[in-house]
Amino acid sequence: MTFSVKGYTFPALTVAPGAQVTVIDGDDEPHTVTAVDGSFDSGTFDAAHRATFTAPTEPGSYAITCQVHPSMHGTIVVR
Ligand SMILES: [Cu+2]
């Protein structure tokens, strides 16, 4: 699945266990999708370069943040 990070906020996200998740950037600055517990990390992506990461295989709710903007917080639900 693919989703967009725009307006410095993460969208509500529900993904399947182990899904390949592609992220695109709708902002002027780069972002990352990084699990607070360190279990996954998209790496940096920007308007010109999307990124893909693998969702956890364990169902649950995972807190995410952006390494470029530590004030950004969100949640990925795996089920
Ligand atoms: Cu960011």
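Quick summary incoming for the structure in this document.

Thresholds applied
Residues numbered from 1 in each chain as written. Predicted model: local features only at pLDDT ≥ 70, side-chain atom pairs only at ≥ 80, totals over all residues. Heavy atoms only, no water. Donors = N, O, S within 2.8 Å, 3.2 Å for Na, K, Ca; no water. Buried < 20%, exposed > 50% of the residue type's maximum accessible area, 1.4 Å probe, protein only. Helix = DSSP H or I, 4+ residues; strand = E, 2+ residues; numbered from the N terminus. Polar contact = N/O pair within 3.5 Å; in protein donor to acceptor, adjacent residues only side chain to side chain. Contact = heavy atoms within 4.5 Å.

With that out of the way, let us pick up the coordination of the copper ion. Of the protein atoms, only His 31 (ND1), Cys 66 (SG) and His 69 (ND1) coordinate the copper ion, at distances of 2.0 to 2.2 Å. Look at His 69 and you get buried, because its relative accessible area is 12%.

A few words now on the side chain of Thr 65. Here Thr 65 shows up in strand β6 (residues 60-65). A distance of 2.8 Å separates a polar atom in the side chain of Thr 65 from the backbone oxygen of Met 72. With near-sequence residues (within four places) excluded, Thr 65 lies in contact with Phe 10, Thr 32, Val 33, Thr 34, Val 36, Pro 70, Met 72 and His 73.

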